[in-house]
Amino acid sequence: MQTTFDKDKRKLLSALCHGAIFFSPLVLTAGIPLGILLLSEDPVIKTNARESLNFHFNIWLCGAIAGFIGFFWWTIVVLPLLWVLGAVLFLAWIAPIFAIVKCLSTPDEPFRYPFIFRIL
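Residues numbered from 1 in each chain as written. Predicted model: local features only at pLDDT ≥ 70, side-chain atom pairs only at ≥ 80, totals over all residues. Heavy atoms only, no water.

Q: So what about the environment of isoleucine 97? Which residues, and what values?
A: Relative to the elements of secondary structure, isoleucine 97 occurs in helix α4 (residues 79-105). As for isoleucine 97 and histidine 18, which are separated by 79 residues in sequence, their C-alpha atoms are 8.0 Å apart. (Helix = DSSP H or I, 4+ residues; strand = E, 2+ residues; numbered from the N terminus.)

Dropping the structure here:
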């Protein structure tokens, strides 16, 4: 038995999962993909929601590392490392844009962020 899913709903909810990172830098932004993950039955939407949550966790981890280093070891030696972490956090704005475009252009394939740790 083959089940078909609404492509417009798939596009909207997948893009919403990945775009949630732009709503606010608060932890509450992860609630959007988490709610979609729990409420949706579409496997592609669920995969996109999991990937978005993993991306949120990775961004929080990079921010925590940068904050820890900046708070305890602010020296000339550590400054280049902070620049690298800053570049990673800058990519936190670019990668979700690519994810949204990918979800809207090919709604039948889930987007996977490169170079992140996947917890879920």
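Q: Go over the packing of aromatic side chains, please, and point to the residues and values.
A: Per the counting criterion, the structure on display carries 4 aromatic pairs. Centroid distance phenylalanine 55 to tyrosine 113: 4.1 Å. Interplanar angle 15°. Geometry classified as stacked. With phenylalanine 55 in helix α3 (residues 43-72) and tyrosine 113 in the segment after α4, the pair connects residues that are 58 residues apart, well separated along the chain. A relative accessible area of 6% places phenylalanine 55 in the buried class. (Phe/Tyr/Trp six-rings, centres within 6.5 Å; stacked < 30°, edge-to-face > 60°. Buried < 20%, exposed > 50% of the residue type's maximum accessible area, 1.4 Å probe, protein only.)

Q: An account of the side chain of aspartate 42 is needed here, citing residue identities and associated values.
A: Here aspartate 42 is to be found in the loop between α2 (31-39) and α3. A distance of 3.1 Å separates a polar side-chain atom of aspartate 42 from the backbone nitrogen of valine 44. In this structure aspartate 42 touches Phe5 and Arg10, once residues within four positions along its chain are discounted. (Polar contact = N/O pair within 3.5 Å; in protein donor to acceptor, adjacent residues only side chain to side chain. Contact = heavy atoms within 4.5 Å.)

Q: I'd like a rundown of α2, residues and numbers included.
A: Along α2, the residues classified as buried are Pro33, Ile36 and Leu37. Buried residues along α2 cover an arc of 100° about the axis, so they all sit on one side. Those residues of α2 that are exposed and aimed more than 90 degrees away from the buried face are Leu38 and Leu39. (Arc of directions from axis to C-beta.)

Q: Describe the nonpolar core, listing the residues and the values that go with them.
A: Grouped together as the largest cluster of nonpolar side chains are 10 residues: Ile21, Phe55, Ile59, Ala92, Ala95, Ala99, Cys103, Phe111, Tyr113 and Ile116. With 4 residues, the single largest contributor to this core is α4. Ignoring anything within four residues of it in the chain, the contact list for isoleucine 21 reads Phe55, His56, Ile59, Ala92 and Pro96. Counting 8 residues, the second largest nonpolar core, distinct from the first, contains Leu13, Cys17, Ile36 and Ala49. (Core = buried A, V, L, I, M, F, W, Y, C linked by side-chain atoms within 4.5 Å.)

Q: Describe the layout of surface pockets, naming the residues involved and giving the relevant values.
A: Taken as a whole, the largest pocket spans an internal volume of roughly 330 Å³. Taken together, 17 residues form the lining of the largest pocket, with Phe55, Val88, Pro114, Phe115 and Ile116 sitting closest to its centre. Here the residues of the lining of the largest pocket sort into 16 nonpolar, 1 polar and no charged. (1 Å grid on protein atoms, 1.4 Å probe; cavity = no way out; pocket = protein on both sides within 12 Å on 5 of 7 lines; lining within 4 Å. Points joined across faces, edges and corners; volume = space filled by probe spheres on them. Nonpolar A, V, L, I, M, F, W, Y, C, P; charged D, E, K, R; others polar.)

Q: Requested: an account of the packing of helix α1 (residues 7-19) against α2, with residues and values cited.
A: Here α1 crosses α2 at 145°, and the two axes come no closer than 8 Å. Handedness of the α1/α2 crossing: left-handed. Facing α1, whose interface residues are Leu13, Leu16 and Cys17, α2 presents Ile32, Pro33 and Ile36. Along the lines of polarity and charge, the residues of the contact of α1 with α2 split into 6 nonpolar, no polar and no charged. (Axes fitted to C-alpha atoms, helices over the stretch in contact; angles between N-to-C directions. Left-handed = near helix turned anticlockwise from the far one by under 90°.)

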